[in-house]
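Summary of structural features
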Amino acid sequence: MRSPGRALIAAAVATVAIGIGLTVLVLNSPHTHATGSFASPGVYAFYLLLVGWGFAGTGLYAWARRPGNDIGMLMVATGLAWMIRGLGVSGDGVVFSVGELSAPLSFALLAHLLLAFPSGRLETTAQRRLAALAYVNVTVLQLAAYVFTDTTAAYSGCDGCPPNPLLIANSSTAASLVAVLQTLCAVVVLVGLVVMQVRRWRRATPGQRRALSPILVTGALTLFFLATALVGSGTGAGAATDAADFVALSLFAFVPFGFLLGLLRSRFGTAEAVTLVVSSLAGRPGRSGLRDTLAETLGDPGLELAYWVPEISSYVDSEGRPVALPETGGGRFATMISHGGEPVAAVVHDASLEDARSLVQTVGAAVALTLRNERLAAELRVRVAELRSSRARIVEAGDEQRRRIERDLHDGAQQRLMALGINLRLARDLVVRDPEAATELLDTSLHELGEATAELRELARGIHPAVLTNRGLDAALRGLAIRSPVPVEVIETPPDRLPASIESAVYFVVAEALTNAARYAAAHCVTVSVLNRNGVVEVDVIDDGIGGADPENGSGLRGLNDRVSALDGRLELASTGGEGTAVRVRLPCA
């Protein structure tokens, strides 16, 4: 148990001091401005303390036991607000006005409590709006009605009340209109609370229902007798109204204990859920064991697990297939599970568990190690699937490359060599009869031989450049820069030779990036940088073109990615429209 902080001690002192001070004030007042049995100062003071100290005391205990939960503070605030209403017995106009204006505040705080239980937070937009309406009703509308109410007039129903120091205009009509608006707002808040609690009960797991039942029972009984009292006052049944008021306020005094019991039950429910998950995992081996255990514990048969894979910056299922997390507002909800500040997984569950996100996170944290192991397995399956796909693409690319070489040889060098053979045979036949014609054919043949040689050299460079083998990466990259139609600046290259496979991969990465910059990017300048830093070769090719490159729409970039992945490297593409394209490759080079 944590030691109470200064705020907790201050709240405890304020609770005791306010309770004692208001008790003295009520007992020394000639009347309480209330009707029936509550017109007695003793009865009034007793119920003022019974309810006020009940809420504040249980709230202080809850605050001390669970300081990270706002329920305790809200209960203390409700108790203090309830006691401050006792200032309304004063004969001083200012003190009386403070009591009258703060009288309904405790009910707005109670509505906030019901909406925020058990996490202490307003989780949904509907909850926040309903709580805001409750606070507006007891503050803005309460003040609006009060400034038009003459507390000494008969229509105010306040016998012996002091004059209203905030009175702007004595208008019973305006005060009545605002009172009607207050009543309508109160009805909306009450109906909203009932609807939300019923929906919460229907969607709740058995453990959640155990936590909700004490609050719902005490609250429902209190509301029933309050409604009975209102009906009795409307029909003129004074004795029945007085009795119903007594029962309603007596039951209302038990409401804070219902909150405390529910809060403790919710904590025990969480511990029970964690114990159930941990104990059930051992009996459910296999890939779906964790999912089935969580689904049974949280009461959601459709629960799914998605694992975060940093390498692809995406979530995947247990088979390694990509998973799109549900969007806000749908029938499904995703609760993120992290470990050590890093995302591990997401629990995709029914929206009915949205109010129990803390339970989902607690259960998820309890099996974080298992989730991490499952994530590693899913990540491995992603790698295997990508490896299979990469192998298929490499085989396909190899076949396509062979077909291209065959086509280039057939349409280029082969045709020239065939023409060269024909010319040589003709020259042999003409060398005696027509030497000049033979010489002309030989000159033509020499030209064809030169063209064929150039085409074969270009074809060989596409397969593997000789300059890369003979003179190294720097000379090969500068050769690419010279042949590029776009100005290229080679900023830096490694001073020492790299492994042949690394040099080849770097060369073709730069070649493909320069080709794309010239063909598609409309670039004016390209920079190339290659560094060997701590055993990792870093390649950066950056252009100032139009950007918008998409690796999914280009076989060249996919082929480069396969080539880099085969060397356990990583290729990243940053290509925002209008901001150029940056190709970054990281290759391990031990």
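Residues numbered from 1 in each chain as written. Predicted model: local features only at pLDDT ≥ 70, side-chain atom pairs only at ≥ 80, totals over all residues. Heavy atoms only, no water.

1. Focus: the overall build of the protein
- Along its length, the protein carries 18 helices and 10 strands.
- Counting across all 590 residues of the protein, residues that qualify as buried make up 41%.
- Put simply, of all contacts in the protein between residues at least 6 apart along the chain, 63% involve residues at least 24 apart.
- About 30600 Å² of surface is accessible on the protein, with carbon and sulfur atoms providing 61% of the total. (Helix = DSSP H or I, 4+ residues; strand = E, 2+ residues; numbered from the N terminus. Buried < 20%, exposed > 50% of the residue type's maximum accessible area, 1.4 Å probe, protein only. Contact = heavy atoms within 4.5 Å. Areas by Shrake-Rupley, 256 points an atom, 1.4 Å probe, with all protein chains shown as cover.)

2. Details of the side chain of Q142
- One can find Q142 in helix α6 (residues 125–146).
- On the basis of relative accessible area, Q142 is assigned to the buried category, the value being 16%.
- Within the structure, the side chain of Q142 is placed 3.0 Å from the side chain of Q182, a separation counted as a polar contact.
- Aside from chain neighbours lying at most four places away, what touches Q142 is E100, L101, P104, N137 and Q182. (Polar contact = N/O pair within 3.5 Å; in protein donor to acceptor, adjacent residues only side chain to side chain.)

3. Observations regarding the sheet that holds strand β7 (residues 526–533)
- Overall, mixed pairing links the 5 strands, which are arranged β6-β7-β8-β10-β9 in an open sheet. Unpaired on one side and paired on the other, β6 (488–492) and β9 (570–574) mark the two borders of the sheet. On average, each strand axis in the sheet is inclined to that of its neighbour by 10°, with strand direction left out of account.
- Here β9 pairs with strand β10 (residues 581–588) via 5 bridges, running antiparallel. Across the sheet, the residue bridging to E572 is R584, located in β10.
- Along the sheet face, helix α16 (residues 473–483) touches β6 and β7 and points at about 160° away from the line of β6.
- Across the sheet, helix α17 (residues 500–519) touches β6, β7, β8 (536–543) and β10, and the angle it forms with β8 is around 10°. (Pairing = 2+ DSSP bridges. Axes fitted to C-alpha atoms, helices over the stretch in contact; angles between N-to-C directions.)

Everything listed here is a matter of coordinates, which is why it stays silent on function.
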